[in-house]
Each structure stands twice: as structure tokens, then as C-alpha cells.
Amino acid sequence: MQAASWSIEDMPAQDGRVAIVTGASSGIGLETARALAGKGAGVTLGVRDREKGNRAADAIRASHPGAQVAVQHLDLADLASVRAFADTFQGEHRRLDLLINNAGVMMCPFATTRDGFEIQFGTNHLGHFALTGHLLPLLRATGDSRVVNVSSLAHWRGNLDFDDINWQRRAYDSSQAYCDSKLANLLFTLQLAQKMEASGDNPMVTAAHPGWTRTDLQRHVWKYRFLGLFMGQDSAMGALPTLRAATDPDALPVDYYGPSGKKEMRGPPAAAGRSERARERSAAETLWRLSEELTGVSY
Ligand SMILES: NC(=O)c1ccc[n+]([C@@H]2O[C@H](COP(=O)([O-])OP(=O)(O)OC[C@H]3O[C@@H](n4cnc5c(N)ncnc54)[C@H](OP(=O)(O)O)[C@@H]3O)[C@@H](O)[C@H]2O)c1
């Protein structure tokens, strides 16, 4: 992989390109969308709360007058909503250069998605798995397209239990469930990239993590929220690994970017480390089969 130092100035112009950023109503997603729009991309904010999405779009237009930003409803915890989002988007667009699978929930109390999946695995992984599958025809039809999956340092503690993915047989551990969902993001990256390579096809698939970034994500864990005030970086910095994974011309399939500072918690983006479990091809294949079965989306 390439140079350790990378900033927004290194990001190539994005004029004429079309991007979707999920969870762009706040935090890292908002800053990712802002930077892409600032470089000329047409960006659709995939958001579950339309009003919050409209405020985010206004904020982007205020930073970059003339920015091309649209807001579209997307609830990743509802497969019907994911399908409707993709159908509408494909009805209105002839290309999709960048799909940024960024949205996420962290360490929330036990809940299920509309389709009955554990909320963190269901939102962070299955929703994005289904979304990517629905949008694949458009990504394939667009030259030089990319999918970026936003994972986390938390993936290092991930250890998916494929026999009890919805926590029906174990006492719920919301921290473990988050780590598992973030491991799933990297295994999904591995398997999707492998499939694209096998077919010699677009899109290229990369991943990123934002280290420790001060956002609303930590709302369920006050300890992290408090510590983040001192240890976290701001959302614009937290968005840089995603932006590099999305736009660096030297990036390769499966490349994974994170902050280059101590323990990958802060700093400019560079190549990030990943756990042994995140490299396991058999786990990636098992996750893929299970995801197809649960979502009913095969690709
Ligand atoms: N912050 C960190 O230190 C950190 C560290 C590692 C990884 N990450 C990852 O970074 C990504 C972005 O998180 P963030 O830190 O920017 O947190 P955030 O500010 O809470 O942003 C998360 C976004 O996801 C959206 N979202 C949640 N559930 C959704 C659903 N069902 N459908 C559609 N959108 C949904 C949220 O929408 P609402 O605005 O409606 O809540 C919000 O826009 C996540 O994948 C997270 O796991 C963050």
C-alpha cells in the first residue's frame, strides 16, 4: 500500500461521480458526504430520519454552495425499506460510482430489526449486505465503481457465532454483538471482493475504520462518550480513512484504512491492521450464505 500521509487535499476531483453514503445524517457519514460533495460528486444521503437528513444536506450546502446533495429515506433495520431505497435510486440514476456503507448502531440494548434480526448485526451488516446486492447491477454498470465498508477497531474482539446469530440461545452481550457486526463488515468486504475478482467485474471493494471519533455512536455507553471527549478525534478526521478507501487511485481490493496514530485511534489514514478472524475465507463464505438466506438477497 501507499504513502502514510493523506489529507483531504489528496482527494481527487469527484466531478460527475455519483455517491451514496448511508447514515449521512450525522458524524462520520455526514463528513464523508460533505467532503465528496465538496469535491464535486453528486451525493445521496441515505437516512432513516428525513428531517435530520435535510438538516445535514443544508449543512453541506452551507459549506459548499452549489453542492449536489439529495436526501432519501433508508432504514437499514427494515429490508423492505432497503429494497425501496435501492429501487427508487436505480429508477432515478444511470450510474453509481461510490457506495459507502457507513451507518451503524453501537452497544444498544437488545432489540430486533423489523425482520427479527438482532439489531446491531441486522443494521450494521445485513442491511448493508442487502443494499449492496440490490445496487450491484448499477455498480457493475459504472466503470471504476467502489464499495467501502466502515468497520471498527472493535472487529478485533469479534467472534461470530453462526449457530446463534440472533442471540436466541445466549445471554445478550451488546458489546460482543457490536464487535461481531464489525467483524462481519470485514468478512463481507473479503467475500464481495473475491466475487468481484472472480468475475473480473466492478465494483472494487475496500474498507475503513475511523479509530476513535467523537460522534453520537457512543450514546448508549456513557463511559466511552466521556472518554471520547479527551481521546477522540473530530468527525472530519474520522471520515478520512473512508474517503481514502473511496478515492485513493492507488487503493487495491480489500485494502483497509484507519488512522495512522498510536493504536490506530487518531491521525491521518494509512493501511490498518486486521485480525486473523477477519481473514478467514471459510468464515467469509459462511457469513455470505447465511446473509443470503436471512435477507433473501442472493448475488
Ligand atoms: N465514532 C467512532 O469512534 C467509531 C469507531 C469505529 C467505527 N465507527 C463506525 O462508523 C460508522 C459511523 O458511525 P458514527 O461514529 O458516525 O456514529 P453516528 O454519528 O451515530 O452515525 C451513525 C449513523 O448511522 C445511522 N443509522 C443508525 N441506524 C440506522 C438505520 N437503521 N438505518 C439507517 N441509518 C441508520 C444514524 O442515523 P440517526 O442519525 O438517525 O441516528 C447515523 O446517521 C458506524 O458504522 C460505526 O460503527 C465509529
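See the structure shown above.
So, here is what we can say about the structure in this document. (Residues numbered from 1 in each chain as written. Predicted model: local features only at pLDDT ≥ 70, side-chain atom pairs only at ≥ 80, totals over all residues. Heavy atoms only, no water.)

1. Quick notes on the site of the ligand
In step 1: Taken together, 30 residues lie near the ligand, and Lys52, Asn102, Tyr178, Thr213 and Thr215 sit nearest.
In step 2: Between an oxygen atom of the ligand and a side-chain N or O atom of Thr215, the distance comes to 2.6 Å.
In step 3: Out of a free accessible area of 890 Å², the ligand has 97% covered by protein chains.
In step 4: Sorting the residues of the shell around the ligand by element identifies helix 1 (27-38) and helix 5 (174-199) as the ones contributing at least two each.
In step 5: In terms of residue class, the shell around the ligand is built from eleven nonpolar, 13 polar and six charged. (Near = heavy atom within 4 Å. Polar contact = N/O pair within 3.5 Å; in protein donor to acceptor, adjacent residues only side chain to side chain. Areas by Shrake-Rupley, 256 points an atom, 1.4 Å probe, with all protein chains shown as cover. Helix = DSSP H or I, 4+ residues; strand = E, 2+ residues; numbered from the N terminus. Nonpolar A, V, L, I, M, F, W, Y, C, P; charged D, E, K, R; others polar.)

2. Topic: the packing of aromatic side chains
In step 1: Under the definition given, this model contains eight aromatic pairs.
In step 2: Relative to Phe89, the ring of Phe85 has its centre 6.3 Å away and its plane inclined at 15°; by these criteria the two rings are stacked. With Phe85 and Phe89 both in helix 3 (residues 79-92), this residue pair falls four residues apart, about one helical turn. You'll find Phe85 and Phe89 in the same group, each marked buried.
In step 3: Pairwise contacts between aromatic rings join Phe129, Phe188, Trp288 and Tyr299 into one cluster.
In step 4: The ring of Trp167 carries Arg170 above its face, with NZ or CZ at 3.6 Å from the centroid. (Phe/Tyr/Trp six-rings, centres within 6.5 Å; stacked < 30°, edge-to-face > 60°. Buried < 20%, exposed > 50% of the residue type's maximum accessible area, 1.4 Å probe, protein only. Lys NZ or Arg CZ within 6 Å of the ring centre and 35° of its normal.)

3. With respect to the pairing of strand 5 (residues 146-150)
Working note: regular strand, side chains alternate between the two faces of the sheet.
In step 1: Burial analysis of strand 5 places five of its five residues in the buried class, which makes it a mostly covered element.
In step 2: Side chains of strand 5 alternate between two faces, with Arg146, Val148 and Val150 and Val147 and Asn149 buried alike.
In step 3: For the handedness criterion, the β-α-β arrangement of strand 4 (residues 98-101), helix 4 (residues 119-141) and strand 5 is classed as right-handed.
In step 4: In this structure, strand 5 lies alongside strand 6 (residues 204-208), joined through five bridges in parallel fashion. Looking at strand 6, one finds that Asn149 is bridged to Ala207. (Right-handed = clockwise from strand over helix to strand, strands pointing away. Pairing = 2+ DSSP bridges.)

4. Remarks on the side chain of Gln72
In step 1: Along the polypeptide, Gln72 turns up in strand 3 (residues 68-73).
In step 2: Here Gln72 falls in the buried class, since its relative accessible area comes to 11%.
In step 3: Setting aside residues up to four positions removed in sequence, Gln72 forms contacts with Thr44, Leu45, Gly46, Val47, Phe85, Thr88 and Phe89. (Contact = heavy atoms within 4.5 Å.)

5. A look at the packing of helix 4 against helix 5
In step 1: Where helix 4 meets helix 5, the axes come as close as 8 Å, and the angle between the chain directions of the two elements is 20°. Relative to helix 5, helix 4 is oriented roughly parallel. Seen from above, helix 4 lies across helix 5 with right-handed handedness. Packed against helix 4, whose contacting residues are Gln120, Phe121, Asn124, His125, His128, Phe129, Thr132, Leu136 and Arg140, the element helix 5 presents Ser174, Ala177, Tyr178, Ser181, Lys182, Ala184, Asn185, Phe188, Leu192, Met196 and Ser199 at the interface.
In step 2: Broken down by class, the residue content of the contact of helix 4 with helix 5 amounts to nine nonpolar, nine polar and two charged. (Axes fitted to C-alpha atoms, helices over the stretch in contact; angles between N-to-C directions. Parallel < 35°, antiparallel > 145°, perpendicular 65-115°, else oblique. Left-handed = near helix turned anticlockwise from the far one by under 90°.)

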